[in-house]
Amino acid sequence: MAEGFEYHMARWLPFQDKEACQKAKAIKREDFTKHPNPNFKIRVVKDHEWRFGLIMDIFGRIKQAADEGRKLVLILPQPDPYYAWVAVLCNRHRVSCRHLYTFDMDEYADKDGRIAPETWPNSFLYNMKHNFYAKLDPELRPPEKQIQGPTNANFKDYGKMIADMGGADVCYGGIGWCGHLAYIEPGSEAFKANGLEEWKQIGPRLVELTPLTVLQDSLSPRWGQSGDWSSTPAWAAT
């Protein structure tokens, strides 16, 4: 007869409700997309499908906005090298991006609140400009000032910059190992609020990353998937 084994989860894990974790693990594959909220849509896709889908969705929105003669405002997560394929499609099909405005959703920082500059090769803004902007043919590029990321100079007004554009047309993103969105970790001290409406009014904040997020980012393709956690800052601006 097998005996059970009771243990405590690692104290640095941001979510400690063991019962909720067991409930989540018990969800069957065929039930992944079933839930009671009619406004929240879930679809399961394979890895290669979502990467291809991301590339085509961004390109499609850029082309549609260009055809309709209107601006397009995108909030984008970490600048994955796949963004380069969006540039390839724009170049191949001669789609102008001069109407495009992009805002990186976050950026690395240090514990003193200094945000990583775009001159640092591991910064998100450096990689966005290197992987996407620089790969566009010059005549198709938007003005460089339309490619934005959090900086020491603009961070206080970063949310207002997006609002002044009329808001974003779409915000892409991904969920981290610990459940973070845009580096807002579960239980983040910087984003505590009494209810959703109050939380939605919180502006840009500096956040300390959990060990899980540091380890996840150490596998990022920007570092050659080396697992070098010493290359990953422990703070971010979001």
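Parameters and conventions
Residues numbered from 1 in each chain as written. Predicted model: local features only at pLDDT ≥ 70, side-chain atom pairs only at ≥ 80, totals over all residues. Heavy atoms only, no water. 1 Å grid on protein atoms, 1.4 Å probe; cavity = no way out; pocket = protein on both sides within 12 Å on 5 of 7 lines; lining within 4 Å. Points joined across faces, edges and corners; volume = space filled by probe spheres on them. Helix = DSSP H or I, 4+ residues; strand = E, 2+ residues; numbered from the N terminus. Nonpolar A, V, L, I, M, F, W, Y, C, P; charged D, E, K, R; others polar. Buried < 20%, exposed > 50% of the residue type's maximum accessible area, 1.4 Å probe, protein only. Contact = heavy atoms within 4.5 Å. Core = buried A, V, L, I, M, F, W, Y, C linked by side-chain atoms within 4.5 Å. Salt bridge = Lys/Arg side-chain N within 4 Å of Asp/Glu carboxyl O. Pairing = 2+ DSSP bridges. Axes fitted to C-alpha atoms, helices over the stretch in contact; angles between N-to-C directions.

Q: Which residues make up the layout of surface pockets, and what values go with them?
A: There is about 230 Å³ of room inside the second largest pocket. What lines the second largest pocket is a set of 14 residues, among which Glu185, Ser188, Glu208, Leu209 and Thr210 lie closest to the centre. It is strand β6 (residues 206-208) that provides the largest number of residues to the lining of the second largest pocket, a total of three residues. Grouping the amino acids of the lining of the second largest pocket by side-chain chemistry returns eight nonpolar, three polar and three charged.

Q: Which residues make up helix α3 (residues 83-93), and what values do they have?
A: Turning to α3, its buried residues are Tyr83, Ala84, Val86, Ala87, Leu89, Cys90 and Asn91. Buried residues along α3 sit against α2 (47-68), β1 (72-76) and α4 (124-131).

Q: Break down the nonpolar core for me, with residues and values.
A: Counting 25 residues, the largest nonpolar core has Ile58, Ile62, Leu74, Val86, Cys90 and Phe132 as the members making the most contacts within it. Mapped onto this core, the elements with two or more residues apiece are α2, β1, α3 and α4. Contacts of Phe132, omitting those with residues within four sequence positions, involve Tyr83, Val86, Ala87, Cys97, Leu100 and Asn127. In this structure, Phe124, Tyr183, Ile184 and Ala236 belong to the second largest nonpolar core, which totals eleven residues.

Q: Can you break down the side chain of Asn131 residue by residue, with the values?
A: Looking at where Asn131 falls in the secondary structure, it is placed in helix α4. With residues near it in sequence (within four places) discarded, Asn131 still touches Pro79, Asp80, Pro81, Tyr83 and Ala84.

Q: How would you explain the pattern of salt bridges if you had to name every residue and give the values?
A: A full pass over the atoms with the stated rule returns 14 salt bridges. Here Glu68 makes a salt bridge to Arg70, at a shortest N to O gap of 2.6 Å. We classify Arg70 as partly exposed; its relative accessible area is 31%. The closest approach of N and O atoms between Asp137 and Arg94, which form a salt bridge, is 2.6 Å. Here Asp137 is found in the loop between α4 and β4 (147-148), whereas its partner Arg94 is found in the loop between α3 and β2 (100-104), with 43 residues between them in sequence.

Q: Before we move on, could you go through the sheet that holds strand β5 (residues 170-171) and cite the residues and values that matter?
A: Pairing is parallel across the open sheet formed by four strands, whose spatial order is β4-β2-β1-β5. With partners counted over all chains shown, the strands left at the sheet margins are β4 and β5, one partner each. Pairing of β2 with β4 involves two bridges; the strand directions are parallel. Residue pairing for β4: Thr102 is matched across the bridge by Ile147. Sheet strands touched by α2: β1, β2 and β5. Its angle to β1, the strand with the most contacts, is close to 160°.

Q: Can you tell me about the sheet that holds β6, naming the residues and giving the values?
A: With antiparallel pairing, the three strands of this open sheet are ordered in space as β3-β7-β6. The two strands at the open ends of the sheet, each matched to only one other strand, are β3 (107-109) and β6. On average, adjacent strands in this sheet sit at an angle of 35° to one another, irrespective of strand direction. Two elements, β6 and strand β7 (residues 235-237), share three bridges in a ladder whose sense is antiparallel. Among the inter-strand pairings, Leu206 is bridged to a residue of β7, identified as Ala237.

Q: Please provide a residue-by-residue account of empty space enclosed by the protein, values included.
A: Tallying each qualifying case throughout the model produces one cavity of 30 Å³ or more. In this structure, the largest cavity occupies an estimated 50 Å³ of space. Going through the elements one at a time, α2, β1 and α3 are the ones with two or more residues in the lining of the largest cavity. Classifying every residue of the lining of the largest cavity by side-chain character gives nine nonpolar, no polar and no charged.

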